[in-house]
Amino acid sequence: PAAAVAALVDDLNPAQRQAVEHSGSPLLVVAGAGSGKTRVLTRRIAYLLAARGVHPGEIMAITFTNKAAAEMKERVSELVGPRARVMWVSTFHSMCVRILRREAKTLGMSSSFSIYDSDDSRRLITLVARDLDLDPKRYPARTLAVHISNLKNELVDPSDATSRATNDLERRVAEVYRTYQERLGQANALDFDDIIMRTVELLQAFPDVAEHYRRRFRHVLVDEYQDTNHAQYTLVRELVGTGSDGVGPAELCVVGDADQSIYAFRGATIRNIVEFERDYPQARTILLEQNYRSTQTILSAANAVISRNPNRRDKRLWTESGDGERIVGYVADNEHDEAAFVAGEIDRLVDSGEVSNGDIAVFYRTNNQSRVFEEIFIRLGLPYRVVGGVRFYERREVRDALAYLRALANPDDTVSLRRILNVPKRGIGDRAEACVSLHAERERIGFGAALRDAVSGRVAMLNPRSQKAIAGFVELMDELGEQVERGEDVADILDSVLDRTGYRGELEASDDPQDASRLENLNELVTVAREFTEVAVRAVDPEVPDDEIVDDDEAAGAPRQGSLAAFLERVSLVADADSIPDADSDGVVTLMTLHTAKGLEYPAVFCTGWEDGVFPHMRALGDPAELSEERRLAYVGITRARQRLYLSRAMVRSAWGQPATNPASRFLDEIPAELIDWRRVEPDRAGPSVTTTWGRRSSATGGDSAQAGLAARGMRSTSFKGWQDTPSVQLDVGDRVNHDKYGLGTVVATDGSGPRATATIDFGSAGKVRLMLIGGLPLVKL
Ligand code: ATP
Ligand code: MG
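In this text, all values refer to a predicted model and were calculated from it rather than measured experimentally.

S.K.: Quick question: what am I supposed to make of the nonpolar core here?
M.R.: Proteins that are soluble and globular tend to have nonpolar side chains buried together. Residues V29, I45, I125, I148, V176, V220 and L239 are the most contacted members of the largest nonpolar core, which totals 74 residues. For this core, the element with the highest residue contribution is helix α3 (residues 37-52), accounting for eight residues. The residues that make up this core include at least three from each of domain 1 (2-100 + 197-290) and domain 2 (114-187). L380, L591, V605 and V636 belong to the second largest nonpolar core, which has 61 residues in total.

S.K.: I keep staring at the site of ligand 1 and nothing clicks. Help me out?
M.R.: With respect to spatial proximity, 19 residues lie near ligand 1, and among them G36, K37, T38, R39 and Y292 are the closest. In terms of residue count, the dominant contributor to the shell around ligand 1 is α3 (three residues). Taken together, the residues of the shell around ligand 1 break down into four nonpolar, nine polar and six charged. Both domains that furnish three or more residues to the shell around ligand 1 are identified here as domain 1 (2-100 + 197-290) and domain 3 (327-383 + 592-683 + 690-712).

S.K.: What's the story with the UniProt feature "binding site: ATP" (unreviewed entry) in the protein in this structure? I'm lost.
M.R.: UniProt's feature table lists "binding site: ATP" (unreviewed entry) at A31, G32, A33, G34, S35, G36, K37 and T38, given in the numbering used throughout. Structurally, A31 can be placed in strand β1 (residues 27-31). C-beta crowding within 10 Å serves as the criterion here: with 23 such atoms nearby, A31 is assigned to the buried category. Sequence-distant contacts of A31, that is, excluding residues within four places in its chain, are made with K37, D257, L287, L288 and E289. Its location among the elements puts K37 in helix α3.

S.K.: Before we go on, may I ask you to explain the sheet that holds strand β7 (residues 251-256) in this structure?
M.R.: The strands that make up a sheet pair up through hydrogen bonds in the backbone, lying either parallel or antiparallel. Spatial ordering of the open sheet is given by β3-β2-β6-β7-β1-β8, a layout of six strands whose pairing is parallel. Every other strand in the sheet has two partners, leaving β3 (88-90) and β8 (284-288) as the edge strands with one partner each. The sheet shows a mean angle of 10° between the axes of neighbouring strands, taken without regard to direction. Bridge count for β1 against β7 is four bridges, and the pairing is parallel. Considered in β7, the bridge of L28 is made with V254. Of the strands in this sheet, β2 (59-62), β6 (219-222) and β7 touch helix α12 (residues 230-240), which is tilted by about 160° from β6.

Scoring rules and cut-offs
Residues numbered from 1 in each chain as written. Chains lettered and ligands numbered in written order. Predicted model: local features only at pLDDT ≥ 70, side-chain atom pairs only at ≥ 80, totals over all residues. Core = buried A, V, L, I, M, F, W, Y, C linked by C-beta atoms within 7 Å. Buried ≥ 20, exposed ≤ 12 C-beta atoms within 10 Å, placed from the backbone. Helix = DSSP H or I, 4+ residues; strand = E, 2+ residues; numbered from the N terminus. Domains from an automatic or database assignment. Near = placed C-beta within 6 Å. Nonpolar A, V, L, I, M, F, W, Y, C, P; charged D, E, K, R; others polar. UniProt positions renumbered as here; feature names shortened; annotations may be inferred. Contact = placed C-beta atoms within 7 Å. Pairing = 2+ DSSP bridges. Axes fitted to C-alpha atoms, helices over the stretch in contact; angles between N-to-C directions.

Here you go:
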């Protein structure tokens, strides 16, 4: 055991070692990123067991990363075996949910309560405010939500809020707060802030419950302490206790870095440390200074950015590991180009043997930015996983909508048909479905055909009401099917599906906050379909026979580009988790938001979307406090990288199907120029906007390196190229062109503009062809 104990502290520096061995009073470790705070916490737990005879069941550790939690559990099981399981290692929220589910009865709740995320809660607040006749301009839901959240984080309940209110806004907030809490209660739901607040309430109102947990947890350890708010702070204090109830106070150890405070609202960090020192006067504070994670180049960039924040205690990260590589910078035309660059670089890094996929992380500011990366990674066969957030195509409503499209594209698709048969509800019950299914089996016909038999009364045991409902469904699908036959755009078909089935209407009419986000997801799917059609290269001249369709995808049997079938094929590749190789020893590339990246580290990191309005986030642009918080987020992102760091931005990025031109993130300018190796900079912009500049894709852009990677894997790049937001060719009558398939030609007519622009080209012996002038065209102007 002496050797085991020595091994736990051997590879620590003196300050780290002191923190691990400290006992007898509360301990605060404050230090910069990568200085070993989490390592100290992990070691300390192991040390408690190995050197001080603590039982794992007496340990409660609050951590923010699975990796740290897994490492803590692993170390502890190495020392004590399966007993390690009784140790509590979790986040504040899951620790509290665990307590609340156990003690729900005490609080008069059902233990099956649901949890509303901030989005759900804001939507519920919108409904409440509407019911209270509040002017949404004067009292926007977002403002109300922030105020209510702040009250909860300050542990102020609705009646306190009412009695404290001194002005109109505060009175309104208190009113909304009270009603909102009632509605949450009726829904047997808790929002994120309630989870902490109600646990504090539980511990304060029920001394026997509190004593139970205090007797159990003799050691409380908190990582990422800078992100605790007042409610969490109080929670910790209640858990630790003061010793006044006969149970001596637990030993407390907290570690954090004020520069990485990315969740706390203004002042929370300083306050928690002040409070810590007030409530625990005998507390010891230890500082760590040396960084063991990153190269000096990366640390210098991080130092430069964070030093722009006012009111911070200056500290400089330093390392013994040397300068390392320069940071790579890249300015992309648009988000697809950015994703292609990232994919190409990953390919190159992995091919060179420098790192494996599992060593690489891609960060972005908000979850919705993952989609572009996911699409390209799937297309390239690059194994990846998205941390946090349900994958877009796995969402129920997205699956429902796609099931409609599948049933339309293939009326024999039994699985899809049965999925949507009664979604939204149209009076086709389980029994009716069973009758039809039985008929199909007996007659050995498909489910779709059996539905038609039901309409003509040939299905046994079916009651007339069900028969009528099925007839309505079949008629609806037939009408939608006509749109498919007419070759309408996928997005238009999808729109019709959502409207005519009543799916959209039902969600719009719903009071459930989750339905509002379902609606948003469906709108996003329409955007996906819209983009799909817009970049598809296809003939629009009805005189051109189908086999003459201008399509550089010549594989037999491949669905026509832009068609519903092509869309579904593409989407099912994205949706099909099986197409992602299993995580082997090489691991997979990890995608996540900057917030999620807290506490993690990767040999190679891609920080994407460095654009003002994206990162820093739009709403931070005019607000110094929020801007400081965004800058801390930049500091967190940069300091995740061990050896290689990439910073990229897109000149144009689509939001809701609308391209927006964003300037470079101000944080980029804050990094000393000599630290960045710009692989591609913003070209001189002669024209009004890059979105309207047409011309063949430059070979210097990342799309081509991704293409090269693709080619190396023996895959065809057609559909990939079709998906690029590739600038196309602007043509006038008389222009000479060369087409990969048709050869030389002359433009004889043009029509439409922007995404609807077409040109009719005379290719001589190959005939006249009308082309849509959209990205990825195998055509150059001569
Ligand atoms: P963050 O602020 O990002 O949470 P941190 O302060 O918690 O960072 P750790 O994650 O604990 O830092 O450590 C960063 C890296 O440095 C880890 O890979 C860790 O194993 C390594 N490390 C920490 N201390 C030492 C040491 N004394 N010797 C060698 N490596 C160390
Ligand atoms: Mg850490």
